[in-house]
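The primary structure of each chain is shown beneath.
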Amino acid sequence: MLYIIKAKLIFEDIIISKDALPFEVNHTFAIVDIDTQEDFDYAEYLFKKI
């Protein structure tokens, strides 16, 4: 999930406001969290496969 808000609000320590728009990212690459070499290898495998 990604929230889109104005930068001004972030500087005011307001991360999620009533006007924030949630945006759900539904893509194969969105589920890959690269923290290790194995994660990178898996992401590269997915990239080549798709």
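This write-up is about the structure you can find in this document.

The rules we used
- Residues numbered from 1 in each chain as written.
- Predicted model: local features only at pLDDT ≥ 70, side-chain atom pairs only at ≥ 80, totals over all residues.
- Heavy atoms only, no water.
- Helix = DSSP H or I, 4+ residues; strand = E, 2+ residues; numbered from the N terminus.
- Buried < 20%, exposed > 50% of the residue type's maximum accessible area, 1.4 Å probe, protein only.
- Areas by Shrake-Rupley, 256 points an atom, 1.4 Å probe, with all protein chains shown as cover.
- Lys, Arg positive; Asp, Glu negative; His and termini not counted.
- Charge placed at Lys NZ, Arg CZ, Asp CG, Glu CD.
- Patch = residues over 30% accessible without salt bridge, like charges linked within 9 Å, V, L, I, M, F, W, Y side chains within 5 Å.
- Salt bridge = Lys/Arg side-chain N within 4 Å of Asp/Glu carboxyl O.
- Phe/Tyr/Trp six-rings, centres within 6.5 Å; stacked < 30°, edge-to-face > 60°.

Turning to the overall build of the chain, a few remarks are in order. Regarding its fold elements, the chain presents 2 helices and 2 strands. The proportion of buried residues among the 50 residues of the chain is 8%. Of the accessible surface of the chain, which amounts to about 4,800 Å², a share of 59% is contributed by carbon and sulfur atoms. Within the chain, the 10 negative side-chain charges are centred at a point lying 12 Å from the centre of the 5 positive side-chain charges.

On the surface, I4, L21, F23 and V25 cluster together into a nonpolar patch covering about 380 Å² of accessible area. Inspection of the secondary structure puts L21 in strand β2 (residues 21-23).

This model, assessed by the stated rule, comprises 1 aromatic pair. Ring centres of Y42 and Y45 lie 6.4 Å apart, and the angle between their planes is 25 degrees; this geometry places the pair in the stacked category. Linking Y42 with Y45, this pair stays in helix α2 (residues 37-49), spanning 3 residues, or about one helical turn. A relative accessible area of 42% means that Y42 is categorised as partly exposed. The exposure class assigned to Y45 is partly exposed, which follows from its relative accessible area of 46%.

The next subject is unusual backbone geometry. Backbone geometry places D13, a non-glycine residue, at a positive phi of 60 degrees. By the element assignment, D13 lies in the loop between α1 (7-11) and β2. Exposure remark for D13: the relative accessible area of 70% places this residue in the exposed category.

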